[in-house]
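# Structural description and commentary
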Amino acid sequence: MAKKVLVVDDEKLIVKGIRFSLEQDGMEVDCAYDGEEALELARKTEYDVVLLDVMLPKLSGFEVCQQIREFSSMPIIMLTAKGDDMDKILGLEYGADDYITKPFNILEVKARIKAIMRRSGRNVVTRSSNEKKVITIDDMKIDCENRRVFIGDKEINLTVKEFDLLELMVLNPNKVYSRENLLNIVWGYDYPGDVRTVDVHIRRLREKIESNPSEPKYIHTKWGVGYFFKNQE
């Protein structure tokens, strides 16, 4: 079944070039040229990846990203201005999974799209067959097979990277991971971003699964070293 990608940019030549290149690889591509159109398409279709420019008419890329996160965890890659670190951090804050800096090489775009599709289609951690596919910790239930998380009766909407981080640490309780290790394992060794990406995702994950994020029960910080999931047993 063909992978579906939504490309959102108000520069029609950029959209046309990306669309042509992705269709050459057998993907189905929908296009939007403003934020409202992008949001409307995202509500109708669950895309394998959304490629989303920051600067858009009607609704900004940040607003689109934030609103998509209210109903879907579909992977979102933000297109940010060259050298604008604030755009990158804001994109992650609003729930993006990754970012690509303009101007970009189409081969890099394709590589990043395929990488995020691979990761969203499988678990980061390879589990042996006798390991639990559903993990229950207090009132939190993690369905590793279907990549869903529940706290009590409420489903928690995690992004691809947030789930990957949680699953990795839950399956390796009390093991401290440095920010560099998490970046390499979850985002990949070729990921050009920096460790602030990890910090933003950990903070967002805590806000979703912790009753008091400032005093976390599950995901703890070992100062000067990294992060770990505390075994509650």
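### A look at the overall build of the protein
Helix and strand counts for the protein come out as eight helices and 11 strands. Buried positions account for 51% of the 233 residues belonging to the protein. In the protein, the proportion of contacts linking residues at least 24 apart, taken out of those at least 6 apart, comes to 58%. A total accessible area of about 11,700 Å² is found for the protein, and carbon and sulfur atoms account for 48% of it.

### Here's the deal with the sheet that holds strand β5 (residues 98–101)
Read across the open sheet, the five strands follow the order β2-β1-β3-β4-β5; overall the sheet is parallel. Two strands bound the open sheet, and with one partner strand each, they are β2 (28–32) and β5. Adjacent strand axes in the sheet meet at a mean angle of 20°, parallel and antiparallel pairs treated alike. Where strand β1 (residues 4–8) lies against strand β3 (residues 49–53), four bridges are found, and the strand directions are parallel. Its bridge partner being in β3, L6 is matched across the sheet by V50.

### Structural notes on helix α4 (residues 85–93)
An α-helical segment advances 3.6 residues per turn. Residues three or four places apart therefore align on the same side. By the burial criterion, the buried members of α4 are D87, K88, I89, G91 and L92. Tucked into the core, α4 has its buried residues touching α3 (61–68), β4 (76–80), β5 and α8 (196–209). Phi turns positive one or two residues past the end of α4, at G95, with a value near 110°.

### Thoughts on the side chain of D53
By the secondary structure assignment, D53 is in strand β3. Look at D53 and you get buried, because its relative accessible area is 5%.

### Looking at the packing of helix α6 (residues 160–170) against helix α7 (residues 179–187)
Two elements in contact, α6 and α7, have axes whose closest approach is 10 Å; the angle formed by their N-to-C orientations is 115°. Considering how the two elements wind past one another, α6 and α7 form a crossing that is right-handed. Across the interface between the two elements, K161, D164, L165 and L168 from α6 touch L182, I185, V186 and W187 from α7. Of the residues that constitute the contact of α6 with α7, the class distribution is six nonpolar, no polar and two charged.

### Quick look at the sheet that holds strand β8 (residues 148–151)
Across the sheet, four strands lie side by side as β6-β7-β8-β9; this open sheet has antiparallel pairing. Here the strands that pair on one side only, and so sit at the sheet edges, are β6 (134–137) and β9 (154–156). The average undirected angle you get between the axes of adjacent strands in this sheet is 25°. In this sheet, β8 lies alongside strand β7 (residues 140–143) in antiparallel orientation, the contact comprising four bridges. Pairing of I142 across the sheet is with V149, part of β8. Each of β6, β7 and β8 touches α6; the most contacted strand, β7, lies at about 105° to it.

Each value, and the rule that gives it
Residues numbered from 1 in each chain as written. Predicted model: local features only at pLDDT ≥ 70, side-chain atom pairs only at ≥ 80, totals over all residues. Heavy atoms only, no water. Helix = DSSP H or I, 4+ residues; strand = E, 2+ residues; numbered from the N terminus. Buried < 20%, exposed > 50% of the residue type's maximum accessible area, 1.4 Å probe, protein only. Contact = heavy atoms within 4.5 Å. Areas by Shrake-Rupley, 256 points an atom, 1.4 Å probe, with all protein chains shown as cover. Pairing = 2+ DSSP bridges. Axes fitted to C-alpha atoms, helices over the stretch in contact; angles between N-to-C directions. Left-handed = near helix turned anticlockwise from the far one by under 90°. Nonpolar A, V, L, I, M, F, W, Y, C, P; charged D, E, K, R; others polar.

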